[in-house]
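Close look at the chain arrangement
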Amino acid sequence: MKAMTFLQFFNKKRYGIISYNELRNKRTKILYFSLLAFALIVVFISAVPIIWILLSSMKDIKELFEVPPTIIPRTFHPEKIVEVWNKMNFFTYYKNSFIMVGGSIVCAVIFNGILAYVLSILKPKGTKFVYMLVLWSLMIPNIISLVPIFKNIVSLKMLNSFIPLCFSFGANAFFVVLYKSFFDAIPVSLIEAAKMDGCSNLRIFFQIVFPLSQPINIVIAIFAFNAAWSDFLLSFLVLKRDEMFTVMVKLYTISQTWGFSKDLQLMGVFFSIIPPIIIFLIFQKYIIQGIAFSGIKG
Amino acid sequence: MKKHLSAWILMIPTLLLFGFYIWQPLFYSIYLSVSETKGYEVIGFAGFKNYIEVLNDPVFLKALFNSFAYTLWSLVIGFLVPIILAIVINELVHLSSLIRISIYLPNIVPMIATILIWKFILDPGAGGLLNSLLMGLGMGKVGWLQQEAIIIPVIISTLTWKAAGATTLIYLARLKGINQELYEAAEIDGTNIFQRLRYITIPQIYNLGRILLILQILAVFQILIEPWLYTGGGPNNASVSLMLLNWNYAFRDFQAGKAASISVIVNIILIVLTLIYLTFNKEQDE
């Protein structure tokens, strides 16, 4: 009976190469279930390292240093989370990371959004040239010029500040392209009507274009969240004092310092993974749509 | 006229940021590369001295070779994985959202955390997860991150683990966009599954594959953090990449001029790779 309902799923098959009709055939069924098995193996490979690390971080010290390591943990001490959190003062690094990430999201949405709005809707003279420069920047990876960027930041006396990190997200050619392709689809009549009413360009952006673009705003915000939360190179160069470290920079120092034992490193990994996982689980629908959207446009 | 002006005023803040983070640094790199530098300060004109010194650095050739090796290995190991996965997942009606979510999961793990996770798994001693599994199966342990011959493919495998899921979702979106009537018509014409895969699916994702191919080549060629944190470029410089060499010159040795000359070389290689790729594509289209 249970098997029946399981197979009834095939009724939903309205896409792909293998058709519903063909699935009635025994050989095709075998092929289908081998594909399913293959996909589940991939799921296993993707998820197990992460789950294993999260569980290992909560083993007790004795088990952690056991050789060979236990694959399914015997001991489970979630109270270690609180212990290490307090001992390492992770609150500070979380606070720093969230300030940096928040600022980065705001910069990513506002600056790239406004540039795309001008290029897509206002189209002043020189639009083509500016857009070409933006597309050209898409090809230039900025890690290539880290020395001059670092020099620029030093000359503005902005070491140990989150400002240069946040603003770096305001110059993202990829975000501009995503925004522009979304704005291109906004009906011109809406903008014209607002202009008739005498709205200024900036007001049209904030009161009409921006609210109409919630799907793409969410996508950009999530991309910026992940990129800012994981940002390492520039943060590492700019943030020199421990009380300014973000979670990533702290994780790096934990991994490089001999004094910190394996269990602290594992807990550091745990702390660095949890926020993006939570965000991902909440917004997974948007994230998966956003990737599809960026892929189609890119 | 006034209309143009007010629009330009809106753009200026963003353009300043682009200038500050992208355009000025690019040109300044070129300037630095032909300058005599002390730390990060320019103290004179150097001509091609930085370039000559960098080219004569024995590590440079190794790094150049390795950067290409990373790129080639990433094509061998990583290019087909997302295509195959997307085609498979697109056929499944069971558990499809579980599958989608799990394969994307590695992508949201920050890079530093990914590296630490794999360092625990690939630990060369008997305490490493992979080695203890191998020993459990009666095989010997492997120094995953310590052998010159396998270090690049090992690093690329961890990179593929992280990146393949997101790419798979891009291909999946393209597969969803294929007109289902194509398959139905082909089925009525009596084609089998593999013929439809070959003559409908593959041609439909071909162009997307070409774009993702060049993006992957450009991205992997600049690999930096992975060799730095997995091995520090070792063993015996077997995993050092051009960008890691650039980073070492810039932030370990504080020789901005030499670092900049590597930046310029990398930029030129990337441009040449793109041009070769574009001409190759053009020939194919004609």
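Residues numbered from 1 in each chain as written. Chains lettered and ligands numbered in written order. Predicted model: local features only at pLDDT ≥ 70, side-chain atom pairs only at ≥ 80, totals over all residues.

**Brief notes about the overall build of chain B**
The condition is simple: In this description a helix means any DSSP run of H or I spanning at least four residues, a strand means any run of E spanning at least two, and both kinds are numbered starting from the N terminus. Only the C-alpha atoms count toward the radius of gyration. The rule for a globule is 2.2 Å times the residue count to the power 0.38. Note that contacts rest on C-beta atoms placed from the backbone: two residues are in contact if these are within 7 Å.
Secondary structure summary: chain B contains 12 helices and 2 strands in total. Its helices and strands in sequence order give chain B the pattern α-β-β-α-α-α-α-α-α-α-α-α-α-α, from N to C terminus. Rg of the C-alpha trace for chain B: 24 Å, well past the compact-globule value of 19 Å for 286 residues, more than 25% over. Referenced to the eigenvectors of the C-alpha coordinate spread, the extents of chain B come out at roughly 75 × 75 × 35 Å. Long-range pairs, those at least 24 residues apart, make up 65% of the contacts in chain B between residues at least 6 apart in sequence.

**Side note on the overall build of chain A**
In plain terms, the rule: Using C-beta atoms placed from the backbone, we call a residue buried if 20 or more other C-beta atoms fall within 10 Å of its own, exposed if 12 or fewer do, and partly exposed for counts in between.
Looking only at helices and strands, one finds 15 helices and 0 strands in chain A. The 298 residues of chain A split such that 39% are buried. Of the contacts formed within chain A by residues at least 6 apart in sequence, a portion of 70% connects residues at least 24 apart.

**As for the packing of helix α14 (residues 247–256) of chain A against helix α5 (residues 111–121) of chain B**
For clarity, the cut-off: Between the N-to-C directions of two axes lies an angle of 0 to 180 degrees, each axis being a line fitted to C-alpha atoms and, for a helix, fitted only over the stretch in contact. What sets the label is the angle itself: under 35 degrees gives roughly parallel, over 145 gives roughly antiparallel, 65 to 115 gives roughly perpendicular, and the rest give oblique. Crossing handedness is defined as follows: a turn of the near helix away from the far one that is anticlockwise and smaller than a right angle gives a left-handed crossing, while the clockwise case is right-handed. Polarity classes work like this: nonpolar for Ala, Val, Leu, Ile, Met, Phe, Trp, Tyr, Cys and Pro, charged for Asp, Glu, Lys and Arg, and polar for all others, with Gly in that last group.
Running from N to C, α14 of chain A and α5 of chain B point in directions that differ by 25°, and their axes come no closer than 9 Å. Compared by their axis directions, α14 of chain A and α5 of chain B come out roughly parallel. Remark: the crossing between α14 of chain A and α5 of chain B carries left-handed chirality. Contacts between α14 of chain A and α5 of chain B involve Met-248, Leu-251, Tyr-252 and Ser-255 of chain A on the former and, on the latter, Ile-112, Ala-113 and Leu-116 of chain B. Taken together, the residues of the contact of α14 of chain A with α5 of chain B sort by class into 6 nonpolar, 1 polar and no charged.

**Some remarks on the pairing of strand β1 (residues 35–38) of chain B**
Residue and element names in this part refer to chain B. Stated formally: Strands pair, by our definition, only if DSSP identifies at least two bridges between them.
With burial as the criterion, only one face of β1 is covered, namely that bearing Ser-35 and Thr-37; the residues Glu-36 and Lys-38 on the opposite face remain uncovered. Bridge count for β1 against strand β2 (residues 41–45) is 4 bridges, and the pairing is antiparallel. Among the inter-strand pairings, Thr-37 is bridged to a residue of β2, identified as Val-42. Between the end of β1 and the start of β2, which pair antiparallel, lie 2 residues, with Gly-39 showing a positive phi angle near 60°.

**Re the interface of chain A and chain B**
The interface of chain A with chain B comprises 76 residues on the first partner and 77 residues on the second. For the side of chain A that touches chain B, the residue count by class is 52 nonpolar, 19 polar and 5 charged.

**Concerning the domain arrangement of chain A**
For the record, the criterion: By convention here, the domain bounds are inherited from an automatic or database domain assignment.
Each assigned domain of chain A is listed here: domain 1 (2–56) and domain 2 (88–297). Between the C-alpha centres of domain 1 of chain A and domain 2 of chain A the distance comes to 36 Å.

**Some details on helix α6 (residues 129–136) of chain B**
Going by this rule: Note that the arc is defined by the directions from the helix axis to the C-beta atoms.
Taken residue by residue, α6 of chain B has Leu-129, Asn-131 and Ser-132 of chain B as its buried positions. The arc that holds the buried residues of α6 of chain B, viewed along the axis, is 165°, so those residues lie on one side. Summarising the contacts, the buried residues of α6 of chain B are in contact with α2 (26–56) of chain A together with α5 of chain B. Phi turns positive, to about 85°, at Gly-138 of chain B, one or two residues after α6 of chain B.

**As for the environment of Leu-215 of chain B**
For Leu-215 of chain B, the location among the structural elements is in helix α9 (residues 193–221). Residues Leu-215 of chain B and Gly-257 of chain B, spaced 42 residues apart in sequence, show a C-alpha to C-alpha distance of 28 Å.

**Thoughts on unusual backbone geometry**
In this structure, Pro-235 of chain B follows Gly-234 of chain B across a cis peptide bond, with omega equal to -10°. Here Pro-235 of chain B is to be found in the loop between α10 (225–230) and α11 (242–251). At Lys-157 of chain A, a residue that is not glycine, the phi angle is positive and equals roughly 55°. Unusually for a residue other than glycine, Asn-236 of chain B sits at a positive phi of about 55°. Its place among the elements puts Asn-236 of chain B in the loop between α10 and α11. For Asn-236 of chain B, a count of 10 C-beta atoms within 10 Å translates into the label exposed.

**Quick word on the environment of Ile-150 of chain B**
Along the polypeptide, Ile-150 of chain B turns up in the loop between α6 and α7 (151–176). It is 9.6 Å that separates the C-alpha atoms of Ile-150 of chain B and Ser-239 of chain B, two residues lying 89 residues apart in sequence.

**Describing α2 of chain A**
All names here are of chain A. The line we're drawing: Here the expected length of a helix is defined as 1.5 Å per residue gap, with one fewer gap than residues. Bend at a residue means the angle formed by two fitted axes: the first through the 7 residues ending at that position, the second through the 7 residues beginning there.
For α2, with 31 residues, the first-to-last C-alpha span of 43 Å sits near the 45 Å given by 1.5 Å per residue. At Ala-47, α2 shows its largest kink, close to 35°, and the proline Pro-49 lies no more than four residues downstream. Those residues of α2 not exposed but buried are Tyr-32, Ala-39, Val-42, Ser-46, Pro-49, Ile-50, Ile-53 and Ser-56.

**Comments concerning the packing of helix α3 (residues 58–91) of chain B against α9 of chain B**
Residue and element names in this part refer to chain B. Interaxial distance between α3 and α9 falls to 10 Å at its minimum, and their mutual angle equals 150°. Read as a crossing pair, α3 and α9 show a hand that is right-handed. Taking contact as the criterion, the partners of Ser-67, Tyr-70, Thr-71, Ser-74, Gly-78, Phe-79, Ile-83 and Ile-87 in α3 are, on α9, Thr-201, Ile-205, Gly-209, Leu-213, Gln-216, Ile-217, Val-220 and Phe-221. Its residues assigned to classes, the contact of α3 with α9 comprises 9 nonpolar, 7 polar and no charged.

**So, the nonpolar core**
Residue and element names in this part refer to chain A. Spelled out, the test is: Throughout this description, the term nonpolar core refers to a group of buried Ala, Val, Leu, Ile, Met, Phe, Trp, Tyr and Cys residues whose C-beta atoms join them within 7 Å.
Counting residues in each nonpolar core, the largest one holds 145 residues, and the members touching the most others are Tyr-117, Tyr-179 and Ile-220. Of the domains in this structure, domain 1 (2–56) and domain 2 (88–297) are the two that each give at least three residues to this core. When residues no more than four places from it in sequence are discounted, the contact partners of Ile-220 are Ala-108, Val-109, Phe-175, Leu-178 and Tyr-179.

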